[in-house]
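Close look at the chain arrangement
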Amino acid sequence: MDAFLSSFTAVAIAEIGDKTQLLSLFLAARFRAKGAIIAGILVATLLNHAASAWLGVWLSQFIPSGWHQWLLGGSFIAVALWLLIPDKDDSGDTGVLRFGAFFASCVLFFLAEIGDKTQIATVILAASFEQSVWLVIVGTTLGMLAANVPVVYAGSWLLQKVSLQWARRSACGVFIVLGIYIICSEQLVTPG
């Protein structure tokens, strides 16, 4: 269950103020079919995070024994610092929008996730929890949905109530605490 909870929490928090949340807001403003947008997000995230997780499992063979907790804790701290850099909505008005809400959401989300902090987090989480890769994929996918579904339905209202800068700083603090906890918990368990 650690793999699922870590993956869900990491992605849900990392998504706060992320460009894919801005993309969700853009798509919700553009299309009325909210269910199709969410289905597109689901399919794109499953494909992207499954590929990322399998890459993480492959990379885990090159990580020396005992480094997994350091890598995971360090990645949480790196993501925390990365959260302080605001993302921009670079979706623009592309030709893919003419194919409808589902297809546009699927393609744009898949592309937006390439090289994004949540994709990198998925690779690292899968490398750390290589025996539970399916739980990582499910956790990161549900974390993505938990962060983006509210934006699809209530994004404009949320932006009026909550400052993105405040949300990013709060998420940064949570990630730093989690990263330190992960590193320290390994030190408490490791003999000697």
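Look above for the structure.
Analysis parameters
Residues numbered from 1 in each chain as written. Predicted model: local features only at pLDDT ≥ 70, side-chain atom pairs only at ≥ 80, totals over all residues. Heavy atoms only, no water. Helix = DSSP H or I, 4+ residues; strand = E, 2+ residues; numbered from the N terminus. Buried < 20%, exposed > 50% of the residue type's maximum accessible area, 1.4 Å probe, protein only. Contact = heavy atoms within 4.5 Å. 1 Å grid on protein atoms, 1.4 Å probe; cavity = no way out; pocket = protein on both sides within 12 Å on 5 of 7 lines; lining within 4 Å. Points joined across faces, edges and corners; volume = space filled by probe spheres on them. Nonpolar A, V, L, I, M, F, W, Y, C, P; charged D, E, K, R; others polar.

**A word on the overall build of the chain**
Per the secondary structure count, the chain includes eight helices and zero strands. Reading the chain from its N end, one meets helices and strands in the order α-α-α-α-α-α-α-α. Classification of the 192 residues of the chain by burial places 46% in the buried group. Long-range contacts, defined as pairs at least 24 residues apart, comprise 90% of the intrachain contacts of the chain with a sequence gap of at least 6.

**What to know about empty space enclosed by the protein**
Under the criterion given, the structure shown has one cavity of 30 Å³ or more. Of the volumes computed, that of the largest cavity is approximately 60 Å³. Taken together, 10 residues line the largest cavity, and the ones lying closest to its centre are Ser 75, Phe 76, Val 79, Ala 121 and Phe 175. Those elements that place two or more of their residues in the lining of the largest cavity are α1 (2-14), α4 (68-83) and α6 (117-128). Looking at the lining of the largest cavity, its residues break down into nine nonpolar, one polar and no charged.

**Quick notes on the environment of Ala 126**
Mapped onto the elements of the fold, Ala 126 is located in helix α6. The exposure class assigned to Ala 126 is buried, which follows from its relative accessible area of 0%. Considering only alpha carbons, one finds Ala 126 and Ser 52, 74 residues apart in sequence, at a separation of 8.0 Å. Every residue in contact with Ala 126, bar those within four places of it in the chain, is listed here: Ala 53, Gly 56, Val 57, Val 133 and Val 136.

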